Amino acid sequence: MILAFTMYAHDGDAFFFEDRTSSIFCPACGSLLEKNFLPRNVKPRKKWDICSTYDNRKLVSERFKIWCETQLFEGVGFRQVCSQPPYYAFEPSIVLKINPRCARFENKCAACGNYESVV
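Residues numbered from 1 in each chain as written. Predicted model: local features only at pLDDT ≥ 70, side-chain atom pairs only at ≥ 80, totals over all residues. Heavy atoms only, no water.

### Details of the nonpolar core
Okay, so step 1: Residues Phe16, Phe17, Ile24, Leu59, Val81 and Tyr87 are the most contacted members of the largest nonpolar core, which totals 15 residues.
Okay, so step 2: For this core, the elements supplying multiple residues, two or more each, are β4 (76-83) and β5 (86-92).
Okay, so step 3: Beyond its immediate chain neighbours, meaning those up to four positions away, Phe16 contacts Phe37, Pro39, Val42, Thr53, Asp55, Arg57, Leu59, Val81 and Ala89. (Core = buried A, V, L, I, M, F, W, Y, C linked by side-chain atoms within 4.5 Å. Buried < 20%, exposed > 50% of the residue type's maximum accessible area, 1.4 Å probe, protein only. Helix = DSSP H or I, 4+ residues; strand = E, 2+ residues; numbered from the N terminus. Contact = heavy atoms within 4.5 Å.)

Have a look at this one:
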């Protein structure tokens, strides 16, 4: 049974959060507070079908999105971040749950309550 996949991508030479406001990040630790943030004009300079931004977000071309849709993959979502040419944020829609008794939560931020890492 396959539980998860990992996707790696080449550098797309772009930032996902470049035009963001500072209010979507915790002022103390820098954690992303607005999980649904979506930029509207992310343009990778390198035109890969799958690429990664400097801030580690995966972007895909319309061609890759259509291919995924024809394969009927479950658990993936696409949110458009650029219209010309069309690029999409590639995001999982199924999240694996962890057992909190078996995990180690490290460095809780006093300001936002997020953890630096969960191991």
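### Looking at helix α1 (residues 62-71)
Okay, so step 1: Every buried residue belonging to α1 is among Phe64, Lys65 and Cys68, and all of these are buried. Buried residues of α1, viewed axially, fall in a sector of 100°; they line one side. Seen from the buried face of α1, the exposed residues on the opposite side, beyond 90 degrees, are Arg63 and Thr70.
Okay, so step 2: Buried residues along α1 sit against β2 (50-52), β3 (58-61), β4 and β5.
Okay, so step 3: Directly beyond the C-terminal end of α1, a positive phi value near 60° is found at Leu72. (Arc of directions from axis to C-beta.)

### Some thoughts on the packing of aromatic side chains
Okay, so step 1: Applying the stated criterion to the full structure yields 10 aromatic pairs.
Okay, so step 2: Arranged with centres 5.9 Å apart and planes meeting at 65°, the rings of Phe64 and Phe90 form a pair that is edge-to-face. One end of the pair, Phe64, is in helix α1; the other, Phe90, is in strand β5, and 26 residues separate them in sequence.
Okay, so step 3: The structure contains a cluster of three or more aromatic residues connected by ring pairs, namely Phe64, Trp67, Phe73, Phe78 and Phe90.
Okay, so step 4: Positioned over the ring face of Phe16 is Arg57, at 5.9 Å from the centre of the ring.
Okay, so step 5: We note Lys65 situated over the ring of Tyr88; from NZ or CZ to the ring centre the distance is 5.2 Å. (Phe/Tyr/Trp six-rings, centres within 6.5 Å; stacked < 30°, edge-to-face > 60°. Lys NZ or Arg CZ within 6 Å of the ring centre and 35° of its normal.)

### Comments concerning the pairing of β5
Okay, so step 1: The sheet contact formed by β3 and β5 spans 3 bridges and is antiparallel. Bridge assignment links Leu59 to a residue of β5, and that residue is Ala89.
Okay, so step 2: Relative to β5, β4 runs antiparallel, the two sharing 7 bridges. For Arg79, the partnering residue across the bridge sits in β5 and is Ala89. (Pairing = 2+ DSSP bridges.)

### Considerations on the side chain of Ser31
Okay, so step 1: One can find Ser31 in the loop between β1 (10-11) and β2.
Okay, so step 2: When residues no more than four places from it in sequence are discounted, the contact partners of Ser31 are Ile24, Phe25, Cys26, Cys112 and Asn114.

### Considering the environment of Pro86
Okay, so step 1: Checked against the element boundaries, Pro86 lands in strand β5.
Okay, so step 2: Residues contacting Pro86, with those up to four places away along its chain left out, are Val60, Ser61, Glu62 and Gln80.

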